[in-house]
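Chain and residue survey
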Amino acid sequence: MVTAVAVLTLLGLALGLLLGYADKVFAVEENPIVKEVESMLPGTHCGQCGFPGCSGAAEAMVAGDAEVTCCPPGGRALAQALAEKLGVEADLSGMSSEPMLAKIEESLCTGCCRCYRVCPTDAIMGANKQIHVVFADACTGCGKCVDACPEDCIAMQPEQESLDNWHWPKPAAA
C-alpha cells in the first residue's frame, strides 16, 4: 500500500514538472494590448462590428484595420476609452450619446420566440405564445432582436433615465 502511494506521488510530481516545462517551451506570445482592448469590449460576440467575435475586433483595432467606433453596443463611452488607450482619433459624430436598448411593444407581440433565440445576452424573457420582456440590465443594444422579429414589435430606444445612470449636465461655457 505504501509502495502504491509512493509510486503515484512520484508519477504525479514527474508529470507536473513535465507539464510545467512544456508550458514554458510551447508558450504563445500574445500582444498584451490586444488582451486589454478585448477586456474593455462588451464580450457579447454579437458580430455588429463585422468580426466573428470581440477578440477578432480587438486584434483589428490594435492593428489599425478597424475603427474604435465599430462596436455599437459599447457606445460612445467605449469608443472614447478605446481611442485614449490606442492613442488614435475617434470620429464620434455618427454615434448616439446614450446607449440604445430594445423595447417590446406588448400589444403587438405574439410570442413567436424569434427574438429570444437570437439574443446573445439572454436579455429577452418569455415563453412561446406569451408576451416577451427585455431586461434592460442585460441588453447591450445589438439590435439582433429587431431584425428577427416578424411582427415589428421591437424598437431600439434610448435608455430611460434612472438613479443608476443619471449624471449632472455639463455647465454651458460662458
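Quick caveat: nothing in here was measured; it's all calculated off a predicted structure. Numbers given to residues run from 1 along each chain, matching the order in which its sequence is written. Selection of residues for local features in this predicted model requires a pLDDT of at least 70, selection of side-chain atom pairs for listing and counting requires 80 or more, and totals for whole chains, interfaces and linings are taken over all residues. By convention in this description, side-chain values take in all heavy atoms of the structure and omit both hydrogens and water.

A few points about the UniProt feature "domain: 4Fe-4S" (unreviewed entry) in the chain
- UniProt positions are given in the numbering used here, feature names are shortened, and annotations may be inferred rather than shown by experiment. Feature annotation in UniProt assigns "domain: 4Fe-4S" (unreviewed entry) to the following positions: residues 29-88.
- Only runs of H or I of at least four residues qualify as helices and only runs of E of at least two qualify as strands under DSSP, and these elements are numbered from the N terminus. Between the C-alpha atoms that bound residues 29-88 there is a distance of 25 Å. The span itself is 52% helix and 0% strand.

So, the nonpolar core
- What we call a nonpolar core is a set of buried Ala, Val, Leu, Ile, Met, Phe, Trp, Tyr and Cys residues that are connected through their side-chain atoms within 4.5 Å. Each residue is placed in one exposure class: buried if its accessible area under a 1.4 Å probe, protein chains only, is under 20% of its type's maximum, exposed if it is over 50%, and partly exposed if it falls in between. Val37, Leu41, Ala58, Met61, Ala66, Leu78 and Leu82 are the most contacted members of the largest nonpolar core, which totals 15 residues.
- Of all the secondary structure elements, the ones that give two or more residues to this core are α2 (32-40), α3 (54-63) and α4 (75-86).
- Tallying contributions element by element places α3 first for this core, with five residues.
- The contact criterion used is simple: two residues touch if any of their non-hydrogen atoms lie within 4.5 Å. In this structure alanine 66 touches Phe51, Ala60 and Met61, once residues within four positions along its chain are discounted.

Thoughts on the pattern of salt bridges
- Salt bridges are counted wherever a side-chain nitrogen of Lys or Arg sits within 4 Å of a carboxyl oxygen of Asp or Glu. Tallying each qualifying case throughout the model produces three salt bridges.
- Here glutamate 30 ties to lysine 35 by a salt bridge, and the two come within 3.6 Å at their closest N and O atoms.
- On the accessibility criterion, lysine 35 (44% relative accessible area) is partly exposed.
- Note that glutamate 36 is salt-bridged to lysine 85, the shortest N-O span being 2.3 Å. Highlighted residues: glutamate 36 in helix α2 and lysine 85 in helix α4, separated in sequence by 49 residues.
- A relative accessible area of 34% places glutamate 36 in the partly exposed class.

A few points about unusual backbone geometry
- Backbone geometry at aspartate 122 places phi at a positive 55°, although glycine is not the residue there.
- Mapping aspartate 122 onto the fold places it in the loop between α5 (114-118) and β2 (124-125).
- Exposure remark for aspartate 122: the relative accessible area of 57% places this residue in the exposed category.
- One non-glycine residue, lysine 129, lies in the positive phi region at around 65°.
- Locating lysine 129 in the fold gives a position in the loop between β2 and β3 (133-134).
- Taking the relative accessible area as the measure of exposure, lysine 129 reaches 65% and is therefore exposed.

So, the packing of α2 against α3
- Whenever a helix is involved, its axis is fitted only over the stretch in contact; in every case the axis is a line through C-alpha atoms, and angles between N-to-C directions fall within 0 to 180 degrees. Between α2 and α3, the least distance of the axes is 9 Å, while the angle of their chain directions is 125°. Taken as axis vectors, α2 and α3 run oblique relative to one another. The hand of the α2/α3 crossing is right-handed. Two secondary-structure elements touch here, α2 through Ile33, Val34, Val37 and Glu38 and α3 through Cys54, Ser55, Ala58, Glu59, Met61 and Val62.
- The classification used treats Ala, Val, Leu, Ile, Met, Phe, Trp, Tyr, Cys and Pro as nonpolar, Asp, Glu, Lys and Arg as charged, and all other residues, Gly among them, as polar. Of the residues assigned to the contact of α2 with α3, the class counts are seven nonpolar, one polar and two charged. Here the word oblique covers every angle except those under 35 degrees (roughly parallel), over 145 (roughly antiparallel) and from 65 to 115 (roughly perpendicular). In this scheme, a crossing is called left-handed if the near helix is turned counterclockwise away from the far one by less than a right angle; it is called right-handed if the turn is clockwise.

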